[in-house]
Structures are given as structure tokens and as C-alpha cells.
Amino acid sequence: MAETSLTQDVADAAPRRPAGGFSRMLHRSEALRGYLLMSPTLIILTIGIVVPFLILVTISTWTRQGFDFDTTATFANYARVWNEPIFGALLQRSFWISGIATVATVILCYPMAYFVAFHVHRNKMMWIILMTLPFWTSYLLRVFAWKVILGYEGVINSGLMSLGLIEAPLEFLLYSREAVIITLAHAWAAFAILPLYVSLEKIDKSLLEAATDLGDGPVARFFRITLPLSMPGIIAASFLIFIPTTGDYITPALLGGPDGAMIGNFIQLQFGPVNNWPMGATLSIVLMLWIAAIALVFLLLARKTSERIA
């Protein structure tokens, strides 16, 4: 009797396996449980990203016939983009403006992130909030603010004229590539400060102390230790700025003028006044493919940098 009771207690204490086939599979497979937890997010991403992308690809194979569209699948739009120089020139200009804006933003934000990471010892979060405070306002408002600053009678021209440094307003400040670069560098600065700060904050301070003990000065210590170890943050910041600014059309439309127009402006015209949706979709797909290739280069650089640091 005691042996039977002991056997029953052991059986009750043993973990019970799910009875059903799917339940047993779910119990055994950790990956399947993970996918089930991710399923709501995957569904939303599929509906919000994959489906519109497929629609865009489908429209890009159409052609415009007068005021209507011929839905017969063709790659004529892609051939036109490849053969006509204007599209290549727009892409090249967009990458050039976005690249300069990215470099300028990283260079301007790196000292701020460096100061907070190494020289601020109390209330670092408050400093980060203060640095990002100007970016709490609307992106469009910041663009209009720079239009006022760079305008013919704006703050810069008025200040220089009042100081007697110039006799007439500088006309090249507004409606130029320079105006677009300046505005983009300021508008996306917050997206560079945060990854740069995180990368600098993770650097082991004992390495800097060891370099000092070995005779390195501040400059040598920066280029031998700080800069290489913060390279993942630099690459991440460049990644976060270059990709969205390449397709930006608001800033070039308000500040660029004819010389500062980018590929995003041309795409907006195709979907808007020109009413050539197939060409607009084709340009969007081509731009996404180029950005994907550049993003892959960024990722490879980040991986090689991480492996070299490790």
C-alpha cells in the first residue's frame, strides 16, 4: 500500500507533457513559441510594408496612356530610367547632398556627444534632453525657420549688413544646395547624437588611463583608442541620417531651388501634377534598391569594425 502511494506521488509530481500534437510541438520548440509571440508584429509589418511594396512594384510595370494607365506588365519604365541621363543625374545629386549632410552632421554632433560621455558626470540624461530639445518641434517648422534665417532679408544677411561686412544681401544662401545641406544637417542632428553618445559611453575608461600611463597625449589617445572604439556609433549615425535624407523632398522643395532639387522632388511630381504613377513607382523602386545596396555596405563596415575591435 505504501509503495502504491509513493508511486502515485511520484507520478503526480512529474511534469506533464501536452497531449495534443501542436501543443507538444509548441512545448518542445522554442523557435515556434518565439514566432507565435512575434506574429502580431509580423502581421502588421506585412500589411504595412510588404503589401504596399508589392503594390508599388506592380504599378511600376504599368505605362501611362494619355490620362489613363495601361496595366500590361512591362519594364519600359526601368529601361527609361536606365537610358535617360536626367534620372542618373538626380540620383547622383541626391546621394551627393545627402552624403555631405551626413558627414557634416556627424562631425558637428561628435564633440557634443564626446563632451557628455567623458566630461559630464552628473545628470547626463538632462544634458541629452537639452541637446534634443530643439528637435521636439515639427520638422516642417524647423525647415521654415531656416528659410527665414537664410532668406534675402533674413537673420544672416541682416546681421552682416548691420556690421558693415557686406553691402548687399547674399543671394546664394537661399535656394541652393548649400541651404539644403545646412538644413538637413540641423534637422537630423538628434539622430546622430544618440548613437554617438551610446558608443562613446560604452568605452572602457581604463583603456584611456592605460594609454596615458604609456605616454600618449590627448590627441594620440583619441585617434588610437576613442575614435576606433566609437566607430560603430559613427557608422550607425551615418546609417540613420543618409538613408532618410536621400529621399527627402520637403527641404529641397522649400530651400533648394532648381540647383537643390533631389530625386524625392521628382518622385513627388510624378505622383502629383504629372500624374505618371508608373514612373513615380519605378523611381521609388530604383531609389530603394540603391539605398538597400548602400545600407548593405554600411552593415558590412559595421561588422568589420566590430570584428576588428573585438
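For the structure, check the block above.
Parameters and conventions
Residues numbered from 1 in each chain as written. Predicted model: local features only at pLDDT ≥ 70, side-chain atom pairs only at ≥ 80, totals over all residues. Heavy atoms only, no water. Helix = DSSP H or I, 4+ residues; strand = E, 2+ residues; numbered from the N terminus. Buried < 20%, exposed > 50% of the residue type's maximum accessible area, 1.4 Å probe, protein only. Contact = heavy atoms within 4.5 Å. Areas by Shrake-Rupley, 256 points an atom, 1.4 Å probe, with all protein chains shown as cover. Salt bridge = Lys/Arg side-chain N within 4 Å of Asp/Glu carboxyl O. Polar contact = N/O pair within 3.5 Å; in protein donor to acceptor, adjacent residues only side chain to side chain. Phe/Tyr/Trp six-rings, centres within 6.5 Å; stacked < 30°, edge-to-face > 60°. Patch = residues over 30% accessible without salt bridge, like charges linked within 9 Å, V, L, I, M, F, W, Y side chains within 5 Å.

Student: Residue-level account of the overall build of the chain, with values.
Tutor: Scanning the chain from N- to C-terminus turns up 16 helices and two strands. Counting across all 310 residues of the chain, residues that qualify as buried make up 34%. A fraction of 69% describes how many contacts in the chain between residues 6 or more apart in sequence connect residues 24 or more apart. Here the chain has roughly 19300 Å² of accessible surface; of this, 69% comes from carbon and sulfur atoms.

Student: Any details on the pattern of salt bridges? Residues and values, ideally.
Tutor: By the definition in use, this model includes three salt bridges. For the salt bridge of Arg-80 with Glu-84, the shortest nitrogen-to-oxygen distance reads 2.9 Å. Here Arg-80 falls in the partly exposed class, since its relative accessible area comes to 36%. A salt bridge links Glu-201 to Lys-124; the shortest N-O distance between them is 3.0 Å.

Student: Account for the side chain of Thr-226, naming residues and giving values.
Tutor: Inspection of the secondary structure assignment puts Thr-226 in helix α12 (residues 218-229). Judged by relative accessible area, which is 2%, Thr-226 ranks as buried. Leaving out residues up to four positions away in the same chain, Thr-226 has contacts with Tyr-110, Tyr-114, Phe-118, Leu-200, Ile-203, Leu-208 and Arg-221.

Student: Any details on the environment of Tyr-139? Residues and values, ideally.
Tutor: Mapped onto the elements of the fold, Tyr-139 is located in helix α7 (residues 139-150). Separated by 49 residues in sequence, Tyr-139 and Trp-188 have C-alpha atoms that sit 9.2 Å apart. Setting aside anything within four residues of it in sequence, one finds Tyr-139 in contact with Leu-184, Ala-187, Trp-188, Asp-248, Ile-250 and Thr-251. Side-chain polar atoms of Tyr-139 contact the side chain of Asp-248, separated by 2.4 Å.

Student: Describe the packing of aromatic side chains, listing the residues and the values that go with them.
Tutor: Applying the stated criterion across every chain yields a total of 14 aromatic pairs. Judged by centre distance (6.4 Å) and plane angle (35°), the ring pair of Trp-62 and Phe-69 falls under tilted. When its relative accessible area of 22% is taken as the criterion, Trp-62 is described as partly exposed. Of the residues examined, Phe-69 reaches a relative accessible area of 22% and is grouped as partly exposed. Between Tyr-114 and Phe-222 the ring centres are 6.2 Å apart and the planes differ by 75°, which places this aromatic pair in the edge-to-face class. With Tyr-114 in helix α5 (residues 85-119) and Phe-222 in helix α12, the pair connects residues that are 108 residues apart, well separated along the chain. Here Tyr-114 falls in the partly exposed class, since its relative accessible area comes to 26%. We classify Phe-222 as partly exposed; its relative accessible area is 21%.

Student: Describe in detail a nonpolar patch on the surface, supporting the description with residues and values.
Tutor: On the surface, Tyr-35, Met-38, Leu-42, Leu-45, Ile-49, Val-50, Phe-53, Leu-54 and Met-288 cluster together to form a nonpolar patch covering roughly 830 Å² of accessible area. The biggest single contributor to the nonpolar patch is helix α3 (residues 30-60), with eight residues. Residue placement: Met-38 occurs in helix α3.

Student: Residues and numbers for the environment of Pro-232, please.
Tutor: Turning to its location among the elements, Pro-232 is positioned in helix α13 (residues 231-246). It is 9.9 Å that separates the C-alpha atoms of Pro-232 and Leu-299, two residues lying 67 residues apart in sequence.

Student: Describe in detail unusual backbone geometry, supporting the description with residues and values.
Tutor: Its identity is not glycine, yet Asn-123 carries a phi of approximately 55°, on the positive side. As for its position among the elements, Asn-123 is in the loop between α5 and α6 (124-132). On the basis of relative accessible area, Asn-123 is assigned to the exposed category, the value being 57%.

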